[in-house]
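A look at the structure
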Amino acid sequence: MLSIKNLHASIEGNEILRGINLEVKAGEIHAIMGPNGSGKSTLASVLAGREEYEVTEGEVTFKGKDLLDLAPEDRAREGVFLAFQYPVEIPGVSSTNFLRTAVNQVREYRGLEPLDAVKFLTLMKEKMKLVEIDQKLLSRSLNEGFSGGEKKRNEIFQMAMLEPTLSILDETDSGLDIDALRIVSNGVNQLKSEKTATIVVTHYQRLLDYIVPDFVHVLYKGRIVKSGTKELAMELEEKGYDWIKEEVDSQATV
Amino acid sequence: MSKDNSILEELTSKEYEHGWSVNYEADEAPIGLNEDIIRWISAKKEEPQWLLEWRLKAFRTWLTMTEPEWANVHYPKIDLQALRYYSAPKQIKKSKNLDEVDPELIAIYERLGISLNEQKRLQGIAVDAVLDSVSVATTFRGTLSKLGIVFCSFSEAVKEYPELIQKYLGSVVPMTDNYYAALNSAVFSDGSFCYIPKGVRCPMELSTYFRINAANTGQFERTLIVADDESYVSYLEGCTAPSRDENQLHAAVVEIYAGTHAQVKYSTVQNWYPGDKEGKGGIYNFVTKRGICAGDHSKISWTQVETGSAVTWKYPSCILKGDYSIGEFYSVAVTNNYQQADTGTKMIHIGKNTKSRIVSKGISAGKSQNSYRGQVQVMKRADNARNFSQCDSLLMGDRCGAHTFPYIDINNPSAKVEHEATTSKIGEDQIFYCNQRGIATEDAVALIVNGYAKEVLNQLPMEFAVEAQKLLALTLEGSVG
């Protein structure tokens, strides 16, 4: 589904990603872990098409298409979803209005009829149950005055509404208490299917107790320096990142 | 930045939708401004002597006045002697029976999306259509007159309701009020008049649609709305003009009188030609709008969505004379390219327990300058006056400007006056967030701007609100990358 080859990206002349290689197939969950500043969020942003990052080398194909060639909105319409680490507030625009615009633009791109108000609300009700989100939250201005947990839950709700094929969760666990973490993870697990894939970007192993990854990759200094299975995450939880840093840094000096 | 620029270029190639004009055989005054011209206009309109005298008095006062320079707008001096002060289609008949209006004139309005055919028209809105210097037609006069409501062109009102005109003309905006009001008083050619009798709630929206068509002609019209005790009316105003390289002057006067327990709601969607991307051409929109809450418990509410004009200079105001009277001002002013807007309001609290509310939302894009200028004045006698003002500015890009000039003048210690102001920028973060959900940038901007202006747009009558939303999106199309 997603194939990343030798991806280099920089911001304001600083190279953050220095040759990422990653293959993600349908039905898989990949966890990207790593110390602060290793490039995890940058990778998520580059995949979603954030302007500030310049891709200097490498290629990314998504469902056979050159992902880097697509505008951010077209990436979304093709089925790439990014759950933001810091969801943005849009005053005066209700979640409902926002999502209806989004859902119908995505549908138009996919050659589907727009949903009328009744069908849209029915779909919303159905998905609301999935992520245990309150109707009241959705009639308020998007993310404005939402608590950290509400914002993250709203991200997963949007994901449920847009039905992406590739979901990228950028530090979705940060700022969540244990109950919110459970609800958010539940949502993600229920949305998982044979046809979709998920990339979970996280600093801590905690989230992976709820969203069990098939593969775990450790990002350090803009490269994937170690890949493994769930056990690798456990090992990181126990030993921290220092041993990997040392391993990599000593190799570099050789 | 690079994307910013490319989208800005795209925007500038966007055509102003109503920029066309038609050729009609015109009945026009000679170019220039002097007493003879004023006599010419007055004679053309077969006006009574008192009105001619009134005009001449205004003109003589105007000659002693100088153009105001305090507004935060810059434009070359207008040569008022090079303008034409009257231009009307020859087809205009004396009879105002709708069936007899020249189809060519009706077609002009059809093209603007304003149907003058009462059957085709959405029920609920009566229109007075003003083309250059004259009213072309007024719809639903019959229906309204059954309720005693007068709704007609100003010229007809002068003939048919001289006592009302004589009583109220210049009673809210005196002829000597300011430079442009005085000029208007001297040369005004037409406009709308509306009278709502005591205890009547006007069952439909009344509206005036102003269209400038002729070149080198100024449009000077007056609107006078009189709401007698315990009456209610909602009034709408729309305006467009052809795209021309020369600037054109539009100097209108709107006067509103509200009696005891009367309520008047006045909404404007102003879409005059704003000039091209280089700042060439466009309308100079120098307008005086004022209402008086003369009776106790009366209310006047101004709502304006300003998207057009090269230069706007406009402060719809309320004189809160009656006790417990309420004044409101809701405004969204958008400027793009080289547009300049200096707009706001004046709330003058005279009566006791008077209240005013000001919500101003400025949006600046391109190289435009957008100023809010507002005055809250509480007079000595106005015990317990309350005012709340909120002035927000939204900036798009880094070459535009937003300015706020609040003036507060309090002469009564029991007054409570609150002022809140914010300035924000449409964030790339917000746009990217929308993009990431599949929403195209243009639609994202529209969504964000409409959210920002929601509080004001909510004040507009339904159909107008939808128009205004589209207009906001269109004016700002492509102004953020």
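Residues numbered from 1 in each chain as written. Chains lettered and ligands numbered in written order. Predicted model: local features only at pLDDT ≥ 70, side-chain atom pairs only at ≥ 80, totals over all residues. Heavy atoms only, no water.

This part covers the overall build of chain B. For chain B, the count of helices and strands is twelve helices and 23 strands. Over its C-alpha atoms chain B spans a radius of gyration of 22 Å, differing by no more than 12% from the 23 Å that the globule rule assigns to 481 residues. If one aligns the C-alpha atoms of chain B with their principal axes, the spans along those axes are about 65 × 60 × 50 Å. Long-range contacts, defined as pairs at least 24 residues apart, comprise 83% of the intrachain contacts of chain B with a sequence gap of at least 6. If you sum the accessible surface of chain B, you get close to 17,800 Å²; carbon and sulfur atoms cover 49% of it. (Helix = DSSP H or I, 4+ residues; strand = E, 2+ residues; numbered from the N terminus. Rg over C-alpha atoms; globule rule 2.2 N^0.38 Å. Contact = heavy atoms within 4.5 Å. Areas by Shrake-Rupley, 256 points an atom, 1.4 Å probe, with all protein chains shown as cover.)

Attention now goes to the sheet that holds strand S1 (residues 2–11) of chain A. Sheets are built from strands paired through backbone hydrogen bonds, the pairs being either parallel or antiparallel. All names here are of chain A. Here we have four strands laid out as an open sheet, ordered S2-S1-S4-S5, and antiparallel in their pairing. Sheet topology places strand S2 (14–24) and strand S5 (65–66) at the edges, where each strand pairs with a single neighbour. Relative to S2, S1 runs antiparallel, the two being bridged by eight bridges. Following the sheet pairing, Ala9 is matched in S2 by Leu17. (Pairing = 2+ DSSP bridges.)

Attention now moves to the sheet that holds strand S10 (residues 197–201) of chain A. Residue and element names in this part refer to chain A. An order of S6-S9-S10-S3-S11-S12 is seen for the six strands of this open sheet, with the pairing classed as mixed. Every other strand in the sheet has two partners, leaving strand S6 (80–83) and strand S12 (223–228) as the edge strands with one partner each. When strand polarity is set aside, the average angle formed by the axes of neighbouring strands in this sheet is 20°. Summarising the sheet, strand S11 (residues 215–220) and S12 pair through five bridges and their orientation is antiparallel. From the neighbouring strand, His217 faces S12, where its bridge partner is Ser227. Contacts from helix H1 (residues 40–48) reach strand S3 (29–33), S6, strand S9 (166–170), S10 and S11, with the element oriented near 145° to S9. (Axes fitted to C-alpha atoms, helices over the stretch in contact; angles between N-to-C directions.)

For the rest of this paragraph, the subject is unusual backbone geometry. One can expect most non-glycine residues to show negative phi and most peptide bonds to be in trans. A positive phi angle, near 50°, is found at Asn6 of chain A, a position not held by glycine. Position of Asn6 of chain A relative to the elements: it lies in strand S1. Its identity as a non-glycine residue notwithstanding, His297 of chain B has a phi of 60°, on the positive side. Within the secondary structure layout, His297 of chain B lies in the loop between strand S13 (282–293) and strand S14 (299–306).

Moving on, we come to the pattern of salt bridges. As enumerated under the stated definition, the model contains 32 salt bridges over all chains in all. In this structure, Arg39 of chain B and Glu35 of chain B form a salt bridge, with 3.5 Å as the shortest nitrogen-oxygen distance. Taken as a pair, Arg39 of chain B and Glu35 of chain B lie in helix H2 (residues 35–44) at a separation of four residues, close to a single helical turn. For Arg39 of chain B, a relative accessible area of 37% translates into the label partly exposed. On the basis of relative accessible area, Glu35 of chain B is assigned to the partly exposed category, the value being 24%. A salt bridge links Arg373 of chain B to Asp342 of chain B; its shortest N-O distance comes to 2.7 Å. In this pair, Arg373 of chain B sits in strand S20 (residues 369–378) while Asp342 of chain B sits in strand S18 (residues 340–349), placing the two residues 31 residues apart along the sequence. In this structure, Arg373 of chain B and Asp342 of chain B share a single accessibility class: buried. One network of salt bridges, with partners in common, ties together Arg50 and Glu52 of chain A together with Asp429 of chain B. (Salt bridge = Lys/Arg side-chain N within 4 Å of Asp/Glu carboxyl O. Buried < 20%, exposed > 50% of the residue type's maximum accessible area, 1.4 Å probe, protein only.)

As far as function goes, none of this settles anything; it's purely spatial.
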